[in-house]
Each structure stands twice: as C-alpha cells, then as structure tokens.
Amino acid sequence: SRAAHEHLKYYRPNYPNKLVHDASGGLAIAYDLLASNMSEDQRKAPRKLLSKMSKWRQSLGSAKLDDKKNISTNWLTHHDQIVLCALAIEGEEGYDAGLIDQATHKLRHFLTQHGLYKSGYAHEGYTYFRMGMESAALSALALSRRDENLYETTNLYKGAMMMFRSMPPGMHWVTGH
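To start, this report covers the structure provided alongside it. (Residues numbered from 1 in each chain as written. Predicted model: local features only at pLDDT ≥ 70, side-chain atom pairs only at ≥ 80, totals over all residues. Heavy atoms only, no water.)

## Points about the environment of Met162
Along the polypeptide, Met162 turns up in helix H9 (residues 156-166). Once the C-alpha coordinates of Met162 and Ser119 are considered, the two residues, 43 residues apart in sequence, prove to be 7.8 Å apart. (Helix = DSSP H or I, 4+ residues; strand = E, 2+ residues; numbered from the N terminus.)

## Here we look at the environment of Tyr31
Structurally, Tyr31 is set in helix H2 (residues 25-34). Accessibility expressed as a relative area gives 2% for Tyr31, which makes it buried. Apart from residues no more than four positions distant in its own chain, Tyr31 is found in contact with Met38, Arg43, Pro46, Arg47, Leu50, Ala88, Ile89 and Glu92. (Buried < 20%, exposed > 50% of the residue type's maximum accessible area, 1.4 Å probe, protein only. Contact = heavy atoms within 4.5 Å.)

## Looking at the pattern of salt bridges
Counted according to the given criterion, the structure contains 10 salt bridges. Here Asp22 makes a salt bridge to Arg57, at a shortest N to O gap of 2.9 Å. Of this pair, Asp22 sits in the loop between helix H1 (2-8) and H2 while Arg57 sits in the loop between helix H3 (40-54) and helix H4 (68-71); the two residues are 35 residues apart in sequence, bridging distant segments of the chain. Overall, Arg57 belongs to the buried group, its relative accessible area being 3%. A salt bridge links Glu134 to Arg130, with the shortest nitrogen-to-oxygen separation between them at 2.4 Å. Of this pair, Glu134 and Arg130 both sit in helix H7 (residues 126-144), separated by four residues, roughly a single helical turn. What you see here is one network of salt bridges that share partners, running through Glu40, Arg43, Arg47 and Glu92. (Salt bridge = Lys/Arg side-chain N within 4 Å of Asp/Glu carboxyl O.)

## Details of a nonpolar patch on the surface
Taken together, Ile29, Leu33, Leu34 and Leu138 make up a surface patch of nonpolar side chains, about 370 Å² in accessible area. For the nonpolar patch, the leading source of residues is H2, giving three residues. Inspection of the secondary structure assignment puts Ile29 in helix H2. Overall, the relative accessible area of 37% leaves Ile29 in the partly exposed class. (Patch = residues over 30% accessible without salt bridge, like charges linked within 9 Å, V, L, I, M, F, W, Y side chains within 5 Å. Areas by Shrake-Rupley, 256 points an atom, 1.4 Å probe, with all protein chains shown as cover.)

## Structural notes on the packing of aromatic side chains
A full pass over the atoms with the stated rule returns one aromatic pair. Geometrically, the ring pair formed by Phe110 and Phe129 is stacked, given 6.4 Å between the ring centres and 10° between the ring planes. Placement of the pair is Phe110 in helix H6 (residues 97-114) and Phe129 in helix H7, with a sequence separation of 19 residues. The class of Phe110 is buried, set by a relative accessible area of 2%. The exposure class of Phe129 is buried, given its relative accessible area of 10%. (Phe/Tyr/Trp six-rings, centres within 6.5 Å; stacked < 30°, edge-to-face > 60°.)

## Here we look at the nonpolar core
Ranked by internal contacts, the top residues of the largest apolar core, which has 41 residues, are Val83, Leu111 and Phe129. For this core, the secondary structure elements donating two or more residues are H1, H2, H3, helix H5 (81-88), H6, H7 and H9. Those residues in contact with Val83, other than ones at most four positions away along the chain, are Leu99, Ile100, Ala103, Ser139 and Leu143. (Core = buried A, V, L, I, M, F, W, Y, C linked by side-chain atoms within 4.5 Å.)

Keep in mind these values describe shape, not function.
The following block contains the structure:
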C-alpha cells in the first residue's frame, strides 16, 4: 500500500504505447492475494494504481485482429499482464470490463487461428511463443476462472502438450520457466 502510494506520485500511463510495459502483473497478483487482509484505506492506493495501469488501455493487437501480418507474433500476448491488473480490481472502483472483453477476444483469436495451429504447434516456434505466454498464460488462467476457459476453447492446451512432446530428453532450457 505504501509503495503504491509513492508510485502514484510520479506514475503516468503511456496510453499510446500498446506494449503496456508500465503495467505491473506482480502488483496485480500481490493485491489479489492480499486485498482481503487489508483495510479499505490500505486498498485505496494499490487499487488506484492498478486502475491507472489498466483503465482505458489496450495491449498490442486488441484492436486489429484482422491484421494477419501482426496477429501471429508473440508480441501480441507478451504484454497481457494488463489483464491481471484489471482483473485484480474486478468489481471495484476503476475496473475496466471493456479491457477484459477485448483481451479475451484477442487471446481466443490468437490461440485458435494465428498463434497456435490446431496440432498445438506454435506459429513462431516455442521460444518466442513462450516469451509471449509469460503474461498471457497467467491471464488465460485468470480468465478461465471467470467466463471462458481458454485451455478448453482454444488450442492452448494442445500447445502445452506439444511443447512437452517435442522436447528431447534432458532439454528443459528451450521452454524457459
């Protein structure tokens, strides 16, 4: 709460930047875990900061799903920590349901048409796919606990299984963490 209060003194969202590097998935997860143990006064600053990080914003690709040149890149999902920021304050002041609708649509599109083939193989290869999914996997998990399980309605689960089936024995570095 104190750190969020201090951060609010200088934080200004970079609205035109669709890469949303300034949105903190770590803050979102911490707030989500700790909010029920915080007083209303303690929740104000983190909630306000999470709202500033997510409200009225879009991550890369949310608005141009017909652009086949750019829809298959890991950059499309690499910045979906913004989804975690919005979901952490779901139902609270400053929550942007529109961001969640756009992100769900974008992830569904990416994971069924241009990011993963039906076989589960990634369009760009697993190193790049994994880089993009560092944020998107957590967002997909969080979204699956709300209204759509992207692990069931897209090729995401097949993608995870294909990654494990494709690794030579003893090779774990290619998938990162």
